[in-house]
Protein chains: 2
Amino acid sequence: MKRVTIYDVANEAGVSLATVSRVINGSNVVKGGTKQKVEEAIEKLGYKPNAIAQGLALQKTTTIALVIPEASFTYTGQIINGLLDVAKIYKYNIMLHTTTEGINEINDIIENIIKSRVDGVVIYNDKLMREELNTLTKYNVPIVIIGNKVSDSKISSVYVDIENAVYELVMKYLEGGKRDIAIIQDRKNGYSIDQMINGAKKAYATKGLEFNGYLEIPGQYRTSYDFMKDYLQEHKHDLIIANRDSQAIAVVNAAKENGIDIPKEMEIVCVIDTKYNSMMRPQISSFAIPSYDLGAVSMRVMTKMLQENTDDIDKEIELSYLFTPRQSTL
Amino acid sequence: MKRVTIYDVANEAGVSLATVSRVINGSNVVKGGTKQKVEEAIEKLGYKPNAIAQGLALQKTTTIALVIPEASFTYTGQIINGLLDVAKIYKYNIMLHTTTEGINEINDIIENIIKSRVDGVVIYNDKLMREELNTLTKYNVPIVIIGNKVSDSKISSVYVDIENAVYELVMKYLEGGKRDIAIIQDRKNGYSIDQMINGAKKAYATKGLEFNGYLEIPGQYRTSYDFMKDYLQEHKHDLIIANRDSQAIAVVNAAKENGIDIPKEMEIVCVIDTKYNSMMRPQISSFAIPSYDLGAVSMRVMTKMLQENTDDIDKEIELSYLFTPRQSTL
DNA sequence: ATGAAAGCGCTAACAA
DNA sequence: TTGTTAGCGCTTTCAT
């Protein structure tokens, strides 16, 4: 099938290309008869407007870039779903970029994003990349950050106050006389782990105590499970807090291995959970972080930034969590 | 920052825009001195070529569309990772589209894809959408299908022979004297479920038997787990085959609930597993479907279709599986 | 080795 | 109501 352009349609319909343009853009100045003719021509030729050419002429692509860390998608998957659903409503396309480790690559991605002239970019990344973002801002690309609380004239953010979530949780346990609380992670320090630790520290400080239950998986361990299996032989805590359910599950399994009864001897809570948690026995108590909403709201904010004066919109949107007790806590 | 174009660079460097174009495209006819000047100008102005304009001029966008069913991403996530990794290598961008139920929406997506003038589209969808694909082919868009064995001049496919996988598995059990085998699903009939059933049927037929162990979750059950919990009270099988690990896990949990010992009293196998399987107790025996490779190979095939004569390349690529026994089988 | 100019397909101001 | 025309930013012959 030969490429058919707006000229072909104009010819076929016996009108000028401007008229065709008006028809496909739903202008209401076109007379019924001509509109009809044009539509028939479009139908007959199978014409589909070239979004690239439109993009050039209009200086906008109606596509936004989404940047997420490469990996499991078990968690980010929900974010993507939320984002995509809203994007669909506003007829935006999504260009997907994933980041691996390595600062160089993130620069490549940003370069790429600028070249592709997307209308905006939504970033979910556990590391805050202030410097890299500056490049984007310099080129006037509107940004929405998921998970970090930051903002300036061209940047909005949508997040959950994890620090406070952990603070409240830890406080509750401290009040209850439980003092041996640990936080586990399995990667380099990420932003959300930082927040969790801060929350715990604050809670301990409130009680005049010092928090030092920070568990980092040593490099020689392949997985959290391997580490915990060994670790739990010597240590036991009142409560272990993990970031994701996968880690919490690893702890549960390791605890079983060591004959530790959960939740009686040790309780476990995770911040983020996925559908797999619902299949676990015991099911992990968690904060119900609204991943889908994180994505959906981000995209919504983005459309706002793209339409309205950026000064008029709320640039920091906090979504709420809800602690959901399950079988891993008393 | 004002938009800087190739003209600005040309001015700054005191050359024509053609020369700038040559420099950014790595032409080797440009004299060292001028090249230097141009590069300095580019650097000074912070110029980034406009991919949209390039796309218009070159009639290609170096982006390909990826179509996947909306949902958990636990499985498709790996496919995406594979695809993205090789897309990166060949400098292709990925436009992500998800399909929900409803034929209408898939047509919207196809329309959208055609308008956006992507160079090709990779589709992973459990339903084969012959008719919809025809639209794409009519517009000469190269297509790679993941999971289905189909091909024609503009279509390639990358898949795993699930039918045969199930056939072999079922044969083994039949040989071992176990005859009560069931296949479970939780959605409308999808392509891979069809294949699984076909595989089972063939195996039974080989033995002169008829296969009728097809379990469909009735509408009134919210989840596989709810259904199985009831179902297993009355029925028990030698072997249950599930498509994904999540379903297999549901069966495991339901079996526990009913005091059925796995694998002694009932064995379970799933076709596709994710990282969560490794956390389960018992871990589900599975075929190690190479999801990542499915994505990576698809993208590789796509790049080939984009470069070479489509007649010269292998259009049906079968990836192999490997049955991996774990704790859910004897 | 470099420049001039046509063209990629479309939009939008301006004319008619 | 419709048509004409000048861009949008870049690539690529064809000259020079």
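Details of the structure are given in the entry above.
First, a word on scope: everything that follows refers to the structure included in this document. Just so we're clear, the structure is a prediction, and the values are computed from it rather than from any experiment. (Residues numbered from 1 in each chain as written. Chains lettered and ligands numbered in written order. Predicted model: local features only at pLDDT ≥ 70, side-chain atom pairs only at ≥ 80, totals over all residues. Heavy atoms only, no water.)

## So, the interface of chain A and chain B
Thought 1: Each partner contributes residues to the interface: chain A has 54 residues there, and chain B has 54 residues.
Thought 2: Of the roughly 5000 Å² buried at the junction of chain A and chain B (both faces included), carbon and sulfur atoms supply 55%.
Thought 3: For chain A, the biggest contributors to the area lost against chain B are Lys48(A), Ile52(A) and Tyr276(A); these three give 14% of the whole.
Thought 4: Counting across the interface, chain A meets chain B through four salt bridges.
Thought 5: Its salt-bridge partner being Glu105(A), residue Lys88(B) comes within 2.7 Å of it at the nearest N-O pair.
Thought 6: Counting every contact that joins chain A to chain B gives 22 residue pairs in polar contact (both at pLDDT 80 or more).
Thought 7: Elements supplying a minimum of two residues to the side of chain A that touches chain B: helix H4 (51–58), helix H5 (76–89), strand S2 (93–99), helix H6 (103–116) and helix H11 (245–257) of chain A.
Thought 8: Per-class residue counts for the side of chain A that touches chain B are 21 nonpolar, 20 polar and 13 charged. (Contact = heavy atoms within 4.5 Å. Buried area = accessible area lost by both parts, 1.4 Å probe. Salt bridge = Lys/Arg side-chain N within 4 Å of Asp/Glu carboxyl O. Polar contact = N/O pair within 3.5 Å; in protein donor to acceptor, adjacent residues only side chain to side chain. Helix = DSSP H or I, 4+ residues; strand = E, 2+ residues; numbered from the N terminus. Nonpolar A, V, L, I, M, F, W, Y, C, P; charged D, E, K, R; others polar.)

## Looking at the pairing of strand S5 (residues 155–160) of chain A
All names here are of chain A.
Thought 1: Burial analysis of S5 places six of its six residues in the buried class, the great majority of the element.
Thought 2: On S5, burial covers both faces: Ile155, Ser157 and Tyr159 on one face and Ser156, Val158 and Val160 on the other are all buried.
Thought 3: Where strand S4 (residues 143–146) lies against S5, four bridges are found, and the strand directions are parallel. Residue Ile143 lies in a different strand from S5, and its bridge partner there is Ile155. (Buried < 20%, exposed > 50% of the residue type's maximum accessible area, 1.4 Å probe, protein only. Pairing = 2+ DSSP bridges.)

## Points about the packing of aromatic side chains
Thought 1: Under the defined criterion, the tally for this structure stands at 13 aromatic pairs over all chains.
Thought 2: Between Tyr221(A) and Phe227(A), the aromatic rings sit 5.1 Å apart at their centres with planes inclined by 75°, giving edge-to-face as the arrangement.
Thought 3: Over the ring of Tyr225(B) we find Arg281(A), and its NZ or CZ is 5.1 Å from the ring centre. (Phe/Tyr/Trp six-rings, centres within 6.5 Å; stacked < 30°, edge-to-face > 60°. Lys NZ or Arg CZ within 6 Å of the ring centre and 35° of its normal.)

## Some words on the sheet that holds strand S10 (residues 285–287) of chain A
Residue and element names in this part refer to chain A.
Thought 1: Judged by pairing direction, the sheet is mixed, and its six strands sit side by side in the order S7-S6-S8-S9-S10-S12 without closing on themselves. Each having just a single partner strand, strand S7 (214–216) and strand S12 (323–324) make up the two edges of the open sheet.
Thought 2: As paired strands, strand S9 (residues 267–272) and S10 are joined by two bridges and run parallel to one another. The partner of Val269 across the bridge, within S10, is Ser285.
Thought 3: Along the sheet, helix H8 (residues 162–175) contacts strand S6 (181–185), strand S8 (239–244), S9, S10 and S12; its crossing angle with S8, the most-contacted strand, is approximately 165°. (Axes fitted to C-alpha atoms, helices over the stretch in contact; angles between N-to-C directions.)

## Structural notes on the protein's contact with DNA strand D
Thought 1: Near DNA strand D, the surroundings consist of 31 residues, among which Thr19(A), Arg22(A), Gln59(A), Ile6(B) and Tyr47(B) are the closest.
Thought 2: For DNA strand D, the backbone makes up 67% of the atoms found within 4 Å of the protein, where backbone means sugar plus phosphate.
Thought 3: A distance of 2.8 Å separates a sugar or linking oxygen of DNA strand D from a polar atom in the backbone of Val29(A).
Thought 4: Sorting the residues of the surface near DNA strand D by element identifies helix H2 (17–24) and H4 of chain A together with helix H1 (6–13), helix H2 (17–24) and helix H4 (51–58) of chain B as the ones contributing at least two each.
Thought 5: Residues belonging to the surface near DNA strand D are distributed by class as follows: 18 nonpolar, nine polar and four charged. (Near = heavy atom within 4 Å.)

## Considering the sheet that holds strand S12 (residues 323–324) of chain B
All names here are of chain B.
Thought 1: Taken together, the six strands give an open sheet; going across it, the order is S7-S6-S8-S9-S10-S12, and neighbouring strands pair in mixed fashion. Where the open sheet ends on each side, the last strands, each with one partner, are strand S7 (214–216) and S12.
Thought 2: Relative to strand S9 (residues 267–272), strand S8 (residues 239–244) runs parallel, the two sharing five bridges. When the bridges of S9 are listed, Ile240 appears paired with Ile268.
Thought 3: Running at roughly 165° to S8, helix H8 (residues 162–175) makes contact with strand S6 (181–185), S8, S9, strand S10 (285–287) and S12 of the sheet.

## Description of H1(B)
Residue and element names in this part refer to chain B.
Thought 1: Listing the buried residues of H1 in full gives Ile6, Val9, Ala10 and Ala13. One side of H1 holds all its buried residues, which, seen down the axis, span an arc of 100°. Seen from the open side of H1, the exposed residues pointing more than 90 degrees away from its buried face are Tyr7 and Asn11.
Thought 2: On its buried face, H1 sits against H2 and helix H3 (32–45).
Thought 3: One side-chain oxygen of the residue at the start of H1 lies 3.0 Å from the amide nitrogen of Tyr7, identifying that residue as Thr5.
Thought 4: Downstream of H1 by a residue or two, Gly14 has a phi angle that is positive, lying close to 70°. (Arc of directions from axis to C-beta.)

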